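Architecture at a glance
Listed below are the residues making up each chain.
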Number of protein chains: 2
Amino acid sequence: MELQALLSRIVSVNGKFIEQAQKRLDNLTKPQGSLGRLEEFARQLVAITENTMPELDKKVIFTFAGDHGVAEEGVSAFPKEVTKQMVFNFLNGGAGINVLARHAGAEVVVVDIGVDAEFEDMKNTCFVSQKVVKGTKNMRSTSAMTRDEAMKCIEVGIELANEYAKKGYKVFGTGDMGIANTTPSSAIASVLTGKTVDEVTGRGTGINDEIWKNKVDVIKDAIALNKPDPSDPMDVLAKVGGAEIGGIAGLILGAAANKIPVVVDGFISTAGALIAYTMEPKTKDYMFSAHNSQEVGHKVMLEKIGLKPILDLDLRLGEGTGAALAMLIIEAGLKIYKDMATFKEAAVAEKQS
Amino acid sequence: MELQALLSRIVSVNGKFIEQAQKRLDNLTKPQGSLGRLEEFARQLVAITENTMPELDKKVIFTFAGDHGVAEEGVSAFPKEVTKQMVFNFLNGGAGINVLARHAGAEVVVVDIGVDAEFEDMKNTCFVSQKVVKGTKNMRSTSAMTRDEAMKCIEVGIELANEYAKKGYKVFGTGDMGIANTTPSSAIASVLTGKTVDEVTGRGTGINDEIWKNKVDVIKDAIALNKPDPSDPMDVLAKVGGAEIGGIAGLILGAAANKIPVVVDGFISTAGALIAYTMEPKTKDYMFSAHNSQEVGHKVMLEKIGLKPILDLDLRLGEGTGAALAMLIIEAGLKIYKDMATFKEAAVAEKQS
């Protein structure tokens, strides 16, 4: 009910702002359109924020962490304990996302939404404890989460979006941590795009042929057993999804409702984005796709949503690392738009007609 | 003779450093290879600098400006005066390169190597006056430059590389400004890759079909008249090149000789890079290709050199704008390499074998 109210607040961006931004871009001292996608990013920021001089001074990346019961099927190259260990690594500032977020001038907020471990007396201000499940259940044997749990994950994301919008943050990035989470992401990709499991299942953190075949079987079994309904994204999230994927979906819904641009990281984040998009396609206007992941299922999900990734650097780490880098490029587009001289200001002759 | 001495100083990078860098990368808290090209950039920086902990704290982009006699053939959408006007725009900080260089933390040095206008009493510390020609001659009627002039352009670039290496700059970027300069760049691309003029000639700053056909004819005529020798890059640069293209080629040669990484911008810069590469193929080890330009001839030159561009954002402005953005990504790779925690430091379990 509350979710329905939020979804109804999400509107398409207003084309009037795109036109206004284009007008300014065309007066800058460069051939029209010559800064390509940088100009596109500026237009989109103006349209999302409904502000002809938007700011991106406060940036935050949310790294949602959760465990997966399906890890016991041997689908990952890393042991499950790594999820918890990596949360500590995030909080100590030593992970890839910390390094790249610092480079991009973004804060990192680590959200325990489903880790199968306790973080007691955590005083770190970058840590948010919003545990919905202590790891999902093994989706090969049963539903990964109940529908209520899936809904709660979405709500955690929405509430974070509302909170950080209120705090004045201007752009959000999504990120994930969860050993085995390419498995539910591939399941979501298959169910919501209609592609076969083989077509959307990749190597995750680096598995061999044998483990890959097993991973495909596990996903096929989970879909056959749970029969997720493609027309009901909450059902898909509950049955073959994950807590962190739900948090990401909620964050994107909340970003769109608050008219805040959201940079969607790679494969797992895009599974969350596809859940959000299936709930409300207008969310697309608020999303930037950070990069083209090496995971094979990523592209089909991006095509389904209609997003073109900003970077293509063979990344497959997750955490929000691609989102951090893409923020730097999006910000470059905004600076071009705001800071370049116009032909008139610079006394430069325009194109001959 | 002096050039020969410099060329003989250019050596291939030492694979030992690549291995050393790889070892560190493989111990960082991420699946091996999961940061894709960021890891490649780190390895390359270590190998170029022969330093296992390189710095990129001092960055500079050289924007070489020159005019082109061939502009009188009506090959560009903009009048020739714009070259001079844009030099003033650069020095006032209002151009695209200024905005993006600030974003990347890089300085901009504007080099008048061939502008057909005087910049008297220019006090701006970012301005370098090294005029070799007052615009090239119209290559449809005669050789664009003499061989001596072409050599001088190369020397200007080499001397700048030597000077800024001595000043402690850690990475160079290339850039260009010159109305009509996609015309000589396409000519160079055709002569040095063996592709037809049609295959390597694009729309420059935005010309229509009719002007494009004329541009192709002009380039074909210039090549037929001057008969540049593909085995003699100095001959190609002199007959159908440009002063700023020679400066860029020289900068790249100088960067390689000084073991300094050089980020090659788009189409015009890559024409310069191809001249440098043809003189000494080992220069390739020191180059990063910033981005995939919208100009059609760019890709064939990159393939000839063996470079894979970092960004693909539909840019076609030049000036060094792509180089500035790419520096941010290369720097991200270095920060990953230097600043991430190792598995041991973070007490994170490694991949199961």
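No experiment lies behind these values; they were computed from the predicted model shown. (Residues numbered from 1 in each chain as written. Chains lettered and ligands numbered in written order. Predicted model: local features only at pLDDT ≥ 70, side-chain atom pairs only at ≥ 80, totals over all residues. Heavy atoms only, no water.)

1. So, the pattern of salt bridges
Residue and element names in this part refer to chain B. Using the following cut-off: Here, a salt bridge means any Lys or Arg side-chain nitrogen found within 4 Å of an Asp or Glu carboxyl oxygen. The way it works is that DSSP assigns letters per residue, a run of H or I at least four long becomes a helix, a run of E at least two long becomes a strand, and they are numbered from the N terminus. Relative accessibility thresholds used throughout: buried, under 20% of the residue-type maximum; exposed, over 50%; partly exposed, between the two (1.4 Å probe, protein chains only).
The full count for this structure, using the stated rule, is 34 salt bridges over all chains. Between Glu55 and Lys338 there is a salt bridge whose closest N-O contact spans 3.9 Å. Of the two residues, Glu55 sits in the loop between α3 (36-49) and β1 (59-66) while Lys338 sits in helix α14 (residues 321-339), which places them 283 residues apart along the sequence. The partly exposed category is assigned to Lys338, whose relative accessible area is 23%.

2. Observations concerning the nonpolar core
Stated formally: For the purposes of this section, nonpolar cores are sets of buried Ala, Val, Leu, Ile, Met, Phe, Trp, Tyr and Cys residues that join through side-chain atoms within 4.5 Å. By definition in these notes, contact holds between two residues if any of their heavy atoms fall within 4.5 Å.
Core analysis: the largest hydrophobic core is formed by 283 residues, its most contacted members being Leu38(A), Phe172(A), Leu38(B) and Phe172(B). Apart from residues no more than four positions distant in its own chain, Leu38(A) is found in contact with Ile329(A), Ala332(A), Gly333(A), Ile336(A), Leu100(B), Leu313(B), Leu315(B) and Leu325(B).

3. Regarding the interface of chain B and chain A
Threshold: Buried area, as used here, totals the accessible surface that two parts lose on assembly, with accessibility defined by a 1.4 Å probe and the loss added over both. What qualifies as a polar contact is a pair of N or O atoms within 3.5 Å, subject to a donor-acceptor requirement within protein and to the restriction that residues adjacent in sequence count only when both atoms come from side chains.
Every contact between the two is made by 55 residues of chain B and, on the other side, 55 residues of chain A. Taking both partners together, chain B and chain A bury about 4500 Å²; carbon and sulfur atoms supply 66% of that area. Broken down residue by residue, the surface that chain B buries against chain A is led by Phe78(B), His103(B) and Leu313(B), which jointly contribute 12%. Counting across the chain B and chain A interface gives 2 salt bridges. Where Lys308(B) meets Asp314(A), a salt bridge forms, and the shortest distance between an N and an O atom there is 3.8 Å. Run the count over chain B and chain A and you get 16 residue pairs in polar contact (both at pLDDT 80 or more). Taken together, the elements giving at least two residues each to the side of chain B that touches chain A come down to α3, α4 (81-92), α5 (96-104), α14 and α15 (343-346) of chain B. Of the residues forming the side of chain B that touches chain A, the biggest block, 9 residues, is contributed by α14(B).

4. Remarks on the relation of the copies chain B and chain A
For the record, the criterion: Here the copies were fitted onto each other by least squares, based on C-alpha atoms from residues at pLDDT of at least 70 in both.
The transform that puts chain B on chain A rotates by 180° and translates by 0.0 Å along the axis, for an RMSD of 0.0 Å. Taken together, the turn and the small shift mark the pair as related by a two-fold rotation axis. It is Leu311(B) whose C-alpha, among those of chain B, lies nearest the rotation axis, at 3.3 Å.

5. Brief notes about the sheet that holds strand β4 (residues 171-177) of chain B
Residue and element names in this part refer to chain B. Inclusion rule: Strand pairing is assigned whenever DSSP identifies at least 2 bridges connecting the two strands. Only the stretch in contact is used when fitting a helix axis, every axis being a line fitted to C-alpha atoms; angles between N-to-C directions are given from 0 to 180 degrees.
Taken together, 6 strands build an open sheet; the order of strands is β3-β2-β1-β4-β5-β6 and the sheet is parallel. Only two strands of the sheet have a single partner each, and these edge strands are β3 (127-129) and β6 (287-289). Within this sheet the neighbouring strands show an average axis-to-axis angle of 25°, counted without direction. Summarising the sheet, β1 and β4 pair through 7 bridges and their orientation is parallel. If you follow Phe64 over to β4, its bridge partner there is Asp176.

6. Here we look at the sheet that holds strand β5 (residues 262-264) of chain A
All names here are of chain A. The parallel open sheet is built from 6 strands, whose spatial order is β3-β2-β1-β4-β5-β6. Each edge of the open sheet is held by one strand with a lone partner, namely β3 (127-129) and β6 (287-289). Each strand axis lies, on average, 25° off the axis of its neighbour in the sheet, ignoring direction.

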